[in-house]
Amino acid sequence: MTILTQVEQVEIEYPSSDGEPIAERDITRDYMTYSVEAVKLYFQERSDVYVSANSFIYYEEGNNQAVVAPDVYVVFGGTNRKRDNYKVWEKGGITPDFVLEITSETTQTKDQETKPEIYRALGVREYFQYDPSGDYLNPILQGVRLINNHYEPIAANNIAFDTLWLFSEVLGLELHIISGELRFRVPQTGEFLKTHKEENLRRLAAESTLRSLVNQLLNSGMSLEQVAQMMNLSTVEVRRLVGENF
């Protein structure tokens, strides 16, 4: 007689939350929000770039304790879509290429001792730390790059204690600290990245200026077609700008 033994496999859960309330300082939350929104907006045309913040990365299948939650991370080669968490084995072993931690009193030890070793083992190519308070890091922005499986410091261009910048080869962006404030900068254009809100405000301000100029030209006696030609706009766009005033 053959006895069949059925092995019951316990399904491992990989939570998207630890069940604890999120308790971040205003300054930490603000810089986390700026960083993830600005970088995400910068790479919005790339379907193979995934940008996230403060979400769980599980890096060992079958072990839900093998988890880390970077403040901001970027994955190249991963599909750009919304996720509850990131499971490395489901993405063909692709791990984050860039990580930014915003250091505080409660995270200092992990950010400087525990997490670098995890990130090195995962093959995270660049790891940055930023201390907006200036109490725990000197300089307040620091970065390391993975070379021959070891992290080497990224040279900082220091201007003052709270004004410096480092270059991220992974992102192709500069990380600037200006009077203590973190901003990402495009080296080719000199433009600082904005959040969706900041970009909308910039667009609205530019449109308001353009509308004012178009109205001035029309009021000077120029025709709609002449204004459109001078401003290199379509007549439809000129009509939209002036609305019912024309």
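In case you missed it, the structure is sitting above this.
Residues numbered from 1 in each chain as written. Predicted model: local features only at pLDDT ≥ 70, side-chain atom pairs only at ≥ 80, totals over all residues. Heavy atoms only, no water.

Comments concerning the sheet that holds strand β12 (residues 173-178)
Which entries qualify depends on this criterion: Strands were regarded as paired on the criterion that DSSP finds at least two bridges between them. Strands here mean DSSP runs of E at least two residues long; helices mean DSSP runs of H or I at least four residues long; both are numbered from the N terminus. Lines fitted to C-alpha atoms define the axes here, with helix axes fitted over just the stretch in contact, and angles between the N-to-C directions of these axes take values from 0 to 180 degrees.
Read from one edge of the open sheet, 4 strands run β10-β11-β12-β13, paired in antiparallel fashion. The sheet is open, and its two edges are formed by β10 (157-160) and β13 (181-185), each paired on a single side. Going across the sheet, the axis of each strand differs from the next one's by a mean of 20°, ignoring polarity. Where strand β11 (residues 163-168) lies against β12, 5 bridges are found, and the strand directions are antiparallel. Bridge pairing in β12 places L166 opposite L175.

Structural notes on the pairing of β10
With 3 bridges connecting them, β10 and β11 associate as antiparallel partners. Following the sheet pairing, N157 is matched in β11 by W165. Counting the residues between successive antiparallel strands, the hairpin from β10 to β11 contains 2 residues.

Quick look at the environment of D97
Our working definition: Contact between two residues is taken to exist if any of their heavy atoms lie within 4.5 Å; hydrogens are not considered. Two N or O atoms form a polar contact when they lie within 3.5 Å of each other; inside protein one atom must be a possible hydrogen donor and the other a possible acceptor, and for residues adjacent in sequence the pair counts only when both atoms belong to side chains.
In this fold, D97 is placed in the loop between β5 (86-87) and β6 (98-102). For D97 and L146, which are 49 residues apart along the polypeptide, the C-alpha to C-alpha distance reads 9.9 Å. Sequence-distant contacts of D97, that is, excluding residues within four places in its chain, are made with V74, V75, F76, V124, R125, E126 and V170. At a separation of 2.8 Å, a polar atom in the side chain of D97 contacts the main-chain amide nitrogen of F76.

Here's the deal with helix α4 (residues 224-231)
The following threshold applies: Relative accessibility decides the category of a residue: with a 1.4 Å probe and only protein chains considered, values under 20% of the type maximum give buried, values over 50% give exposed, and everything between is partly exposed. Within this analysis, the arc is defined by the directions that extend from the helix axis to the C-beta atoms.
Burial in α4 covers these residues: L224, V227, A228 and M231. One face of α4 carries all of its buried residues, which in axial projection span an arc of 100°. Exposed positions of α4 whose direction lies more than 90 degrees from the buried face are Q229 and M230. Two residues or fewer past α4, N232 is found with a positive phi of approximately 60°.

With respect to the nonpolar core
Cut-off, in case you're wondering: The term nonpolar core refers to a set of buried residues drawn from Ala, Val, Leu, Ile, Met, Phe, Trp, Tyr and Cys, joined through side-chain atoms within 4.5 Å.
In this structure, F98, Y130, L171 and F184 are the most contacted members of the largest nonpolar core, which totals 31 residues. Sorting the residues of this core by element identifies α1 (26-42), β1 (49-52), β4 (72-76), β6, β7 (126-130), β11, β12 and β13 as the ones contributing at least two each. If we ignore the near neighbours within four places in the chain, the residues touching L171 are Y42, F43, V74, F76, F98 and F184. In terms of nonpolar packing, the next biggest core, distinct from the first, is built from 14 residues, V68, Y73, V88 and I118 among them.

A short note on the packing of aromatic side chains
Here is the rule: A pair of Phe, Tyr and Trp rings is counted when the ring centres sit within 6.5 Å of each other, with Trp represented by its six-membered ring. The angle between the planes then sorts it: under 30 degrees is stacked, over 60 is edge-to-face, the rest tilted. In our convention, an over-ring charge means Lys NZ or Arg CZ found within 6 Å of a ring centre and within 35 degrees of that ring's normal.
Within this structure, the stated rule accounts for 11 aromatic pairs. Ring centres of Y14 and Y58 lie 5.1 Å apart, and the angle between their planes is 70°; this geometry places the pair in the edge-to-face category. A residue pair is termed long-range when its members are at least 10 positions apart, and Y14 in the segment before α1 and Y58 in strand β2 (residues 57-58) qualify at 44 residues. By relative accessible area, which is 2% here, Y58 ends up buried. Their ring planes at 15° and their centres at 6.0 Å tell us that Y50 and Y86 sit as a pair that is stacked. Here Y86 lies in strand β5 and Y50 lies in strand β1, a separation of 36 residues in the sequence. By way of ring pairs, the aromatic residues Y14, F56, Y58 and W89 are connected into one cluster. Between the NZ or CZ atom of R83 and the centre of the ring of Y50, over which it lies, the distance is 4.3 Å. Here the guanidinium or amino end of K91 rests over the ring plane of Y86, the centre of that ring lying 6.0 Å away.

A closer look at the pattern of salt bridges
For clarity, the cut-off: When a carboxyl oxygen of Asp or Glu is within 4 Å of a side-chain nitrogen of Lys or Arg, the pair counts as a salt bridge.
Applying the stated criterion across every chain, the model contains 8 salt bridges. R240 is paired through a salt bridge with E237; the nearest N and O atoms lie 2.8 Å apart. Highlighted residues: R240 and E237, both in helix α5 (residues 235-242), separated by 3 residues, approximately one helical turn. Given the relative accessible area of 42%, R240 is considered partly exposed. Judged by its relative accessible area of 26%, E237 falls in the partly exposed class. One connected set of salt bridges, linked through shared partners, spans E126, R145 and E169.

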